[in-house]
Amino acid sequence: MRMEHLDEKLANAYLDGELSGEELAGIEEHLKTCPVCRQWLGIYRGFLGSLTGEAPQWDVDAFTAEVRGKLELAREKRHGAATPWWRGAAVAAAVLVVLAGGGELYRARLAYHKVLDREVAMAVKEHQALRLGELSGLVGEVRE
Amino acid sequence: MARQREPANLEDRELVRRAKAGDQGAFSALVERHASKALTLAWRMLGSQHQAWDAAQEAYLSAWRNLGQFREEAEFYTWLRRILVNVCLHELRQRKRDNLVYLDEYQHPGEQQKIDGGDPGRDFPSLAAEQRLALKKALGALPVEHRVTFWLHEVEGLNYEEIAEVLGIPEGTVKSRMHTARGLLRKALEEG
């Protein structure tokens with residue numbers, strides 16, 4: 001078979017392994033003498049080979065575990081994930097503890113503020129007394 | 001007393017039978033057995049390891065939900081692959097950035113080395129890194145349907161009939177897409 005270059009149709013048929021007999025022999029003969037077609041086929045096949053060989057390393061165990069976990073979740077959802085009675089009781093108890101703790105905290109804070117207020121008031125009084133003392137001293141000095 | 005065989009030692013068909021009866025352990029064995037192939041296929045289609053991970057998980061969960069519909073005329077993995085390809089296609093169409101290929105993720109350490117072409121190109125210039133890059137770019141620029149067809153045929157090794165079944169399109173369309181894809185790759189190489 002004499003041909004300029006493999007046309008697309010023939011090249012595809014060749015790559016897909018659809019040719020046989022005379023057609024196949026003709027193409028193989030052509031490839032022996034045509035560097036252009038031979039190069040394209042070589043590059044194309046090299047490209048495919050490089051694609052086939054590349055793949056990341058997968059953590060199959062982690063993947064399987066995640067799928068298993070999601071299946072479990074889906075099953076729980078489907079079965080309504082019945083909440084055991086003790087879980088509700090535990091939540092209620094936790095809320096009470098928090099509230100009680102909160103009350104304690106509030107009372108402690110109140111007491112602290114009372115002490116603080118008293119101390120501030122005393123400090124202000126002391127400051128005022130000092131200022132008064134200073135002032136009366138100054139007045140005395142001026143009079144003298 | 002006869003001991004029950006571990007799921008890992010059972011054939012796919014037996015695992016499917018058990019999984020259909022609600023045995024999650026049997027299904028997990030199926031997941032583990034085919035995970036690597038499924039993840040790699042998704043990675044090739046999506047170009048991202050993270051998205052491949054999610055897509056493969058979605059495919060497995062969908063398989064679990066629809067296990068009752070699996071008639072076991074095909075192998076389990078063939079059925080799973082069909083689900084997975086459609087999950088990936090959905091993802092690709094949703095992205096609206098079909099021309100984007102994750103070259104950085106496709107890049108592997110040995111990739112800069114020259115790769116030998118197969119026969120009959122064995123005694124001709126090997127695939128240079130620039131040629132490979134040009135072809136990869138061209139592959140990434142193909143329309144989604146053409147790219148997926150290319151991967152399934154040239155890399156996964158599915159024939160046109162199988163691809164037609166997976167994608168739910170006529171065989172002639174698969175062939176036409178494949179020829180267009182090859183033509184565009186050749187053109188890209190000639191122009192690059």
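Details of the structure are given in the entry above.
Because the structure is a prediction, the values reported are computed rather than measured.

Examining the overall build of chain A
Along the backbone of chain A there are 5 helices and 0 strands. In chain A, buried positions account for 24% of the 144 residues.

Focus on the interface of chain A and chain B
Contacts between the two partners involve 37 residues from chain A, matched on the other side by 51 residues from chain B. Buried surface at the junction of chain A and chain B, both sides included, amounts to about 4200 Å², of which 65% is carbon and sulfur. Where chain A touches chain B, the interface holds 2 salt bridges. Note that R182(B) is salt-bridged to D16(A), the shortest N-O span being 2.7 Å. For the pair chain A and chain B, the interface holds 15 residue pairs in polar contact (both at pLDDT 80 or more). Secondary-structure elements contributing two or more residues to the side of chain A that touches chain B are α1 (8-15), α3 (35-53) and α4 (60-78) of chain A. Residue classes in the side of chain A that touches chain B are distributed as 17 nonpolar, 7 polar and 13 charged.

What to know about the nonpolar core
Formed by 85 residues in total, the largest nonpolar core has its most connected members in F27(B), Y60(B) and F76(B). Counting residues per element, this core draws most heavily on helix α2 (residues 24-46) of chain B, which supplies 13 residues. Not counting chain neighbours up to four residues away, the residues in contact with Y60(B) comprise F63(A), V67(A), F27(B), L30(B), V31(B), H34(B), A35(B), A38(B), F76(B) and L80(B).

Here we look at the packing of aromatic side chains
Here the structure, examined in full by the defined rule, presents 10 aromatic pairs over all chains. A ring pair is formed by F70(B) and F76(B), whose centres lie 6.3 Å apart and whose planes are at 70°; its orientation type is edge-to-face. Owing to a relative accessible area of 4%, F70(B) belongs among the buried residues under this scheme. Classification of F76(B) by relative accessible area gives buried; the value is 2%. Seen from their ring centres, F76(B) and W79(B) are 6.1 Å apart, and the 55° between their planes marks the pair as tilted. In this pair, F76(B) and W79(B) both sit in helix α4 (residues 76-95), 3 residues apart, roughly one turn of the helix. Neither residue differs from the other here; F76(B) and W79(B) are each classed as buried. Each residue in the set F63(A), F27(B), W53(B), Y60(B), W64(B), F70(B), F76(B) and W79(B) is aromatic and connected to the rest through ring pairs, giving one cluster. Seen from the ring of Y77(B), K37(B) lies directly overhead, with NZ or CZ sitting 4.3 Å from the centre.

A closer look at the pattern of salt bridges
One pass over the full model with this rule turns up 13 salt bridges over all chains. Ionic pairing is found between E72(A) and R75(A), a salt bridge with its closest N-O pair at 3.5 Å. In this pair, E72(A) and R75(A) are both assigned in helix α4, 3 residues apart and thus about one turn of the helix distant. The exposure class of R75(A) is partly exposed, given its relative accessible area of 33%. One salt bridge in this structure joins R17(B) and E14(B), with 2.6 Å as the shortest N-O distance. Of the two residues, R17(B) and E14(B) are both situated in helix α1 (residues 12-20); the distance of 3 residues between them amounts to about one turn of the helix. Salt bridges sharing common partners tie together D16(A), E154(B) and R182(B).

Some remarks on unusual backbone geometry
All names here are of chain B. One non-glycine residue, E72, adopts positive backbone phi at about 65°. Relative to the helices and strands, E72 is located in the loop between α3 (49-65) and α4. With a relative accessible area of 25%, E72 lands in the partly exposed category.

What about the packing of α1(A) against helix α9 (residues 171-191) of chain B?
Axis separation between α1(A) and α9(B) bottoms out at 11 Å; the angle between their running directions is 110°. Considered as vectors, α1(A) and α9(B) are oriented roughly perpendicular to each other. Like other packed secondary-structure pairs, α1(A) and α9(B) cross with a definite hand, here right-handed. Seen from α1(A), the contacting residues are E8(A), N12(A) and L15(A); seen from α9(B), they are H179(B), R182(B) and G183(B). Each residue belonging to the contact of α1(A) with α9(B) can be placed in one class, and the counts come to 1 nonpolar, 3 polar and 2 charged.

Digging into α2(B)
All names here are of chain B. Given a rise of 1.5 Å per residue, 23 residues ought to cover 33 Å, yet the end C-alpha atoms of α2 are separated by just 28 Å, more than 12% below that figure. H34 marks the point of greatest bend in α2, at about 55°. Counting buried positions along α2 yields 18 of 23 residues, so the element is predominantly enclosed. One side-chain oxygen of the residue at the start of α2 lies 2.9 Å from the amide nitrogen of G25, identifying that residue as D23. Backbone geometry just after α2 places G47 at a positive phi near 75°.

Overview of the environment of E23(A)
Position of E23(A) relative to the elements: it lies in helix α2 (residues 21-33). Remark: the alpha-carbon pair of E23(A) and L10(A), spanning 13 residues in sequence, is separated by 9.1 Å.

Cut-off values and rules
Within any chain, residue numbers begin from 1 and follow the written order of that chain's sequence. To read the labels, note that chains go from A and ligands from 1, taken in the order they are written. Reporting of local features is limited, given that this is a predicted model, to residues whose pLDDT is at least 70; pairs of side-chain atoms are given and counted only at 80 or more, and all residues count toward the totals for whole chains, interfaces and linings. Side-chain measures were taken over the full set of non-hydrogen atoms in the model, leaving aside hydrogen atoms and water. In DSSP terms, a helix is any run of H or I states spanning at least four residues, a strand is any run of E spanning at least two, and both are numbered starting from the N terminus. Residue exposure (1.4 Å probe, protein chains only): buried if accessible area is under 20% of the type maximum, exposed if over 50%, otherwise partly exposed. By definition in these notes, contact holds between two residues if any of their heavy atoms fall within 4.5 Å. Note on definitions: buried area is the accessible-area loss of two parts on being combined, 1.4 Å probe, summed for both. One side-chain nitrogen of Lys or Arg within 4 Å of one carboxyl oxygen of Asp or Glu is enough to make a salt bridge. Pairs of N or O atoms are called polar contacts if they sit within 3.5 Å, as long as, within protein, a hydrogen donor faces a hydrogen acceptor (for residues adjacent in sequence, only side-chain-to-side-chain pairs). Residue classes follow a fixed rule: Ala, Val, Leu, Ile, Met, Phe, Trp, Tyr, Cys and Pro count as nonpolar, while Asp, Glu, Lys and Arg count as charged, and any other residue, Gly among them, counts as polar. By nonpolar core is meant a set of buried Ala, Val, Leu, Ile, Met, Phe, Trp, Tyr and Cys residues that side-chain atoms within 4.5 Å join together. Ring pairs shown here join Phe, Tyr and Trp side chains whose ring centres sit within 6.5 Å, with only the six-membered ring taken for Trp; geometry is labelled stacked below 30 degrees between planes, edge-to-face above 60, and tilted in between. Counted as over-ring charges are cases with an Arg CZ or a Lys NZ within 6 Å of the ring centre that also lie within 35 degrees of the ring normal. With axes taken as lines fitted to C-alpha atoms, and helix axes fitted only over the stretch in contact, angles between N-to-C directions fall between 0 and 180 degrees. Under this scheme an angle from 65 to 115 degrees is roughly perpendicular, one under 35 degrees roughly parallel, and one over 145 degrees roughly antiparallel; angles in between are oblique. Handedness of a crossing follows from how the near helix is turned relative to the far one, being left-handed for an anticlockwise turn of less than a right angle and right-handed for a clockwise one. For a helix, the expected span equals 1.5 Å multiplied by the residue count minus one. The angle between axes fitted to the seven-residue stretch ending at a residue and the seven-residue stretch beginning at it gives the bend at that residue.

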